[in-house]
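# Fold and geometry: a report
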Amino acid sequence: MAGRGKLIAVIGDEDTVTGFLLGGIGELNKNRHPNFLVVEKDTTINEIEDTFRSLGSIPGSVAEANPSQHDPPLWDEIDSWQFLNRDDIGIILINQYIAEMVRHALDAHQHSIPAVLEIPSKEHPYDAAKDSILRRARGMFTAEDLR
Amino acid sequence: MAALDLRAELDALLLQLLGDLEELEGKRAVLNARVEEGWLSLAKARYAMGTKSVGPLQYASHMEPQVCLQASEAQEGLQKFKVVRSGVHAPEEVGPREAALRRRKGPTKTPEPQSSEAPRDPLNWFGILVPHSLRQAQASFWDGLQLAADIASLQNRIDWGRSQLRGLQEKLKQLEPGAA
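Summarised in this report is the structure supplied together with it.

The rules we used
Residues numbered from 1 in each chain as written. Chains lettered and ligands numbered in written order. Predicted model: local features only at pLDDT ≥ 70, side-chain atom pairs only at ≥ 80, totals over all residues. Heavy atoms only, no water. Helix = DSSP H or I, 4+ residues; strand = E, 2+ residues; numbered from the N terminus. Buried < 20%, exposed > 50% of the residue type's maximum accessible area, 1.4 Å probe, protein only. Contact = heavy atoms within 4.5 Å. Areas by Shrake-Rupley, 256 points an atom, 1.4 Å probe, with all protein chains shown as cover. Pairing = 2+ DSSP bridges. Axes fitted to C-alpha atoms, helices over the stretch in contact; angles between N-to-C directions. Parallel < 35°, antiparallel > 145°, perpendicular 65-115°, else oblique. Nonpolar A, V, L, I, M, F, W, Y, C, P; charged D, E, K, R; others polar. Buried area = accessible area lost by both parts, 1.4 Å probe. Salt bridge = Lys/Arg side-chain N within 4 Å of Asp/Glu carboxyl O.

## Structural notes on the overall build of chain B
When you go through chain B residue by residue, the secondary structure sums to two helices and two strands. Scanning chain B from its N terminus toward the C terminus, one meets helices and strands in the order α-β-β-α. Expressed as a percentage of the 180 residues in chain B, the buried residues total 36%. The long-range share in chain B, meaning contacts at least 24 apart out of those at least 6 apart in sequence, stands at 72%. Put simply, chain B shows about 11800 Å² of open surface, and 52% of that area lies on carbon and sulfur atoms.

Written out as structure tokens, the structure reads:
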């Protein structure tokens, strides 16, 4: 669809994903992967990380630099997700407690697109001290800079 | 003199950054409030419809996004986001496309409709008559999406400002190595 624009992806608990899908962001058809992931009790950190990387389009060279961080059988799955090709996502919404599980992946994401937004969950209120963006902003100034 | 200009530019950038951070904090608080309202409305809908009636089991097997993002580049790689409804299409043209006589008999060539089917409202996944609380949840999360786009734009602006600030500080150190 020409000029359709980018999608909003969401990685979160059931209520968060259901809510944002109600808002109309969901995409799912026979040929493409969904732009959402419902994180349940049995969802592994690897699954979350793989989904995030697939949505975040982290360059393959960065992912391959740490092959030991991925189980070998998962490598084929990562290729099949074609995370390098997901350039249609503009924003990734992620519950903050889930973001904490994959904090290293979030911190490694330096691109402006897709933008990553951490949102609270029902059991875990938003903590600005943990937000990647605000932590980077906090490190902007040192005592020497302000002299 | 160049150092003075740089310092003035640095001060202006710093003020802008602090303003952006304050605006970000404000918008975040509103987003968090909208999302919490949405959860409460979802809980009310679940109470009315049944525990298993509002959840992933009701997701459609085929989804088309009703909401999309338009990303525009404001300046020097700075991305700005805007939420648009993708279900809005130009009005379909009705009537003869060519100035020609219509034939009453013979095979009629009806042109295929060009506009694609409008995306289905996700509310319909949960039934035809849904409780008002589910509509309220949809409205809350829709507001949340608008705010999310604004917050994403602000975050990009803060990141961009941060890199500009670093660049200016480096230049200043080169001009005034003694001051560092």
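## Let's talk about the pairing of strand E4 (residues 115-119) of chain A
Residue and element names in this part refer to chain A. Taking burial as the measure, the five residues of E4 include five buried ones, the bulk of the element. Burial along E4 is two-sided: Ala-115, Leu-117 and Ile-119 facing one way and Val-116 and Glu-118 facing the other are all buried. Pairing of strand E3 (residues 89-95) with E4 involves five bridges; the strand directions are parallel. Across the sheet, the residue bridging to Ile-94 is Glu-118, located in E4.

## Focus: the packing of helix H1 (residues 14-22) of chain A against helix H2 (residues 132-175) of chain B
The relative placement of two packed helices is expressed as an angle between their axes plus a distance between the axes. Orientation of H1 of chain A relative to H2 of chain B, taken along the N-to-C sense of each, is 85°, at an axis distance of 7 Å. Put simply, H1 of chain A runs roughly perpendicular to H2 of chain B. Contacts from Asp-15, Thr-16, Gly-19, Phe-20 and Leu-22 of chain A in H1 of chain A reach Leu-134, Ala-137, Gln-138, Phe-141 and Leu-145 of chain B in H2 of chain B. Looking at side-chain class alone, the contact of H1 of chain A with H2 of chain B contains six nonpolar, three polar and one charged residues.

## Observations concerning the interface of chain B and chain A
Contact residues are listed per partner, giving 53 residues for chain B and 49 residues for chain A. Contact between chain B and chain A buries roughly 4400 Å² in total, counting both sides, with carbon and sulfur atoms accounting for 67%. Connecting chain B to chain A are three salt bridges. With a shortest N-O distance of 2.8 Å, Asp-15 of chain A and Arg-46 of chain B are connected by a salt bridge.

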